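Structural overview
The primary structure of each chain is shown beneath.
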Amino acid sequence: MRGFTTKALHTRYPKKDVHGALRPPLYDSVAFEFENAGQIQQAFEGRVPAHTYSRISNPTVEDFEQRMRVLTESLGVIAVSSGMAAITNVILALASAGTNIVSSRHLFGNTVSLFEKTLADWGLEVRYADMSRPDDIQGKIDENTRALYLESITNPQLEVVDILAVSQCAREFALPLVLDGTLTTPFLFKSREYGVAVEVISATKYISGGATGVGGVIIDNGLFDWRRSPKISTLSKQYGRFAFLAKLRREVFRNCGSCMAPHHAWMNTLGLETLALRIQHSCNNAMDIARFLSKQPNVHAVNYPGLPTSEYHAIASTQFKDRFGGLVTFELQDKEQCFRFIDSLEIIRNATNLNDNKSLIIHPASTIFGEYSLRERREMGVPESMLRLSVGIEDREDLIMDMQRGLESL
Ligand SMILES: *Cc1c(COP(=O)(O)O)cnc(C)c1O
């Protein structure tokens, strides 16, 4: 069995290039022509595999999808325009008005807004459960539940739950488990081995390789029997195991127009080639910075699943094979100290993205979570005194020196 990076580099383009180009070409074309009317009819009916229109599929996007499929050993992958588009498409395909999903309370900010505002207006109910307690999850499930939803590492709490336990719970109730694996990617976490039915990832982060474009992917791990999902079951007769992918490609994804731009797919394919190297380096840097911070008297708390003091250390260590991601959060005395710290840095940039090649820092309470009240933020685990650092791939000594600079400014 080939390793991750070998597969990322050597998965073949679906069709041999006419010029033998070693780097797959970028097909920035909307439409594709056919020899005759009969052929285009067959393509529309799905009887022969062919690209017709790039909102539905495109050769460059297909190349990225195929590589993701090989890397995840999944049934199929659909690349979409953003991480949020991935989440939206999956929920729209699985749930409808009058149904509910059971989710972790700790969620990416825009996901909360999607669930509680956008989709709530269309009649979807979100029930929050403590994902570390199967009894709590079970108590929230009823006959109208359509999926369980959680993130592999939550942000900024950096909570890691026993995903196998959650997927066993999902299986007992014949529900698909949907996991947002943005912070881990298939390099750190093999969602298929943990019973995750569908994984969604924001490719914008680690995968793009330098924050070059917004994008997302939907991965069907091929584990779930879609005959058990009320909205997908009728498609099972025609499409068998591919029913969920067909529901997306031939309806929800196509109709919502959430396609990935060919240029972004091309950049993401390049990103995949160095993904393992970059993540490994970012994890090593993050571990060193977390250790450094935990020795500083002015730092009140350091949260990183890689530290033995983290309550999530043991489970993260098994699930993610002793690599703990690139996010570290820590607390200073108050908001003023946080601002002073940020403003004194010379290398680490003040920006809202994460898992970029560059290290980025942000004060979550006044930015990403600014629209919530103090009490809501406390419930979400976002205190005023917390900074979130996304550790990049710079040279370790330069990062430590910059952190030192920040601490001296206090
Ligand atoms: C960034 C992010 C998203 C949204 O991705 P976009 O590509 O920005 O739409 C979803 N989930 C997590 C965990 C993220 O970090």
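Residues numbered from 1 in each chain as written. Predicted model: local features only at pLDDT ≥ 70, side-chain atom pairs only at ≥ 80, totals over all residues. Heavy atoms only, no water.

Attention now moves to the sheet that holds strand β7 (residues 216-220). Taken together, the seven strands give an open sheet; going across it, the order is β1-β7-β6-β5-β4-β2-β3, and neighbouring strands pair in mixed fashion. Only two strands of the sheet have a single neighbouring strand rather than two, namely β1 (76-80) and β3 (125-129). In this sheet, neighbouring strand axes are inclined to one another by 20° on average, regardless of whether the strands run parallel or antiparallel. Looking at chain direction, strand β2 (residues 100-104) and β3 are connected through five bridges and run parallel. Across the sheet, V102 pairs through a bridge with R127, a residue of β3. Packed on one face of the sheet, helix α4 (residues 83-94) meets β1, β2, β4 (145-151), β5 (177-180), β6 (198-202) and β7 and runs near 155° to β6. Seen against the sheet, helix α7 (residues 163-172) touches β4 and β5 and runs at an angle of roughly 150° to β5. (Pairing = 2+ DSSP bridges. Helix = DSSP H or I, 4+ residues; strand = E, 2+ residues; numbered from the N terminus. Axes fitted to C-alpha atoms, helices over the stretch in contact; angles between N-to-C directions. Contact = heavy atoms within 4.5 Å.)

Let us look at the sheet that holds strand β9 (residues 327-331). The five strands are arranged β8-β9-β12-β11-β10 in an open sheet whose pairing can be described as mixed. Each having just a single partner strand, β8 (301-303) and β10 (349-350) make up the two edges of the open sheet. In the sheet, strand β11 (residues 360-362) pairs with strand β12 (residues 386-390) via three bridges, with the strands oriented antiparallel. The partner of L360 across the bridge, within β12, is S390. Sitting on the sheet, helix α13 (residues 335-344) touches β9, β10, β11 and β12, and the angle it makes with β12 is about 30°.

Around the ligand sit S82, G83, M84, F108, D180, T182, L183, S202, T204, K205, V214 and G215, and those are all the residues in its vicinity. T204 places a polar side-chain atom, nitrogen or oxygen, 2.6 Å from an oxygen atom of the ligand. Protein burial of the ligand: of its 380 Å² of free accessible surface, 90% is covered by the chains. For the shell around the ligand, the class distribution of residues is four nonpolar, six polar and two charged. (Near = heavy atom within 4 Å. Polar contact = N/O pair within 3.5 Å; in protein donor to acceptor, adjacent residues only side chain to side chain. Areas by Shrake-Rupley, 256 points an atom, 1.4 Å probe, with all protein chains shown as cover. Nonpolar A, V, L, I, M, F, W, Y, C, P; charged D, E, K, R; others polar.)

Right, let's get into the environment of R388. Here R388 lies in strand β12. R388 sits in the buried class, given a relative accessible area of 3%. The spacing of R388 and S282 is 106 residues in sequence and 15 Å in space, taken between C-alpha atoms. (Buried < 20%, exposed > 50% of the residue type's maximum accessible area, 1.4 Å probe, protein only.)

All told, the structure shown has 19 salt bridges when counted by the stated rule. A salt bridge links D142 to R127, with the shortest nitrogen-to-oxygen separation between them at 3.0 Å. Separated by 15 residues along the polypeptide, D142 in the loop between α6 (134-140) and β4 and R127 in strand β3 bring together distant segments of the chain. With its nearest N and O atoms 3.2 Å apart, the salt bridge here joins D135 to R133. Judged by relative accessible area, R133 falls into the partly exposed class, the value being 39%. (Salt bridge = Lys/Arg side-chain N within 4 Å of Asp/Glu carboxyl O.)

Let us look at helix α10 (residues 243-256). Taking 1.5 Å of rise per residue, 14 residues should cover 20 Å, and α10 covers 18 Å from first to last C-alpha, within 8% of that figure. Taking the largest bend as the criterion, α10 deviates by roughly 45°, centred on R249. For α10, the set of buried residues is A243, F244, L245, A246, K247, L248, V252 and F253. Contacts from the buried residues of α10 go to β1, α4, β6, β7 and α9 (233-239). Looking one or two residues beyond α10, the residue adopting positive phi is G257, at roughly 65°. (Expected span 1.5 Å × (residues − 1). Bend = angle between axes of the 7 residues up to and from the residue.)

What follows concerns the domain arrangement of the protein. Domain annotation of the protein identifies domain 1 (4-264) and domain 2 (275-408). Placing the centre of domain 1 and that of domain 2 at their C-alpha centroids yields a distance of 28 Å. With both chains or domains summed, domain 1 and domain 2 bury close to 3,000 Å², and 62% of this area falls on carbon and sulfur atoms. By the criterion of area lost to domain 2, the three top residues of domain 1 are L158, L188 and Y206, representing 25% of everything that side buries. In this assembly, domain 1 and domain 2 are joined by one salt bridge. For E371, the salt bridge is made with K117, and the minimal N-O distance between the two is 3.5 Å. Our count for the contact surface shared by domain 1 and domain 2 stands at nine residue pairs in polar contact (both at pLDDT 80 or more). Contributing elements (two or more residues each) for the side of domain 1 that touches domain 2: α1 (4-10), α5 (109-118), α7 and α8 (185-188). (Domains from an automatic or database assignment. Buried area = accessible area lost by both parts, 1.4 Å probe.)

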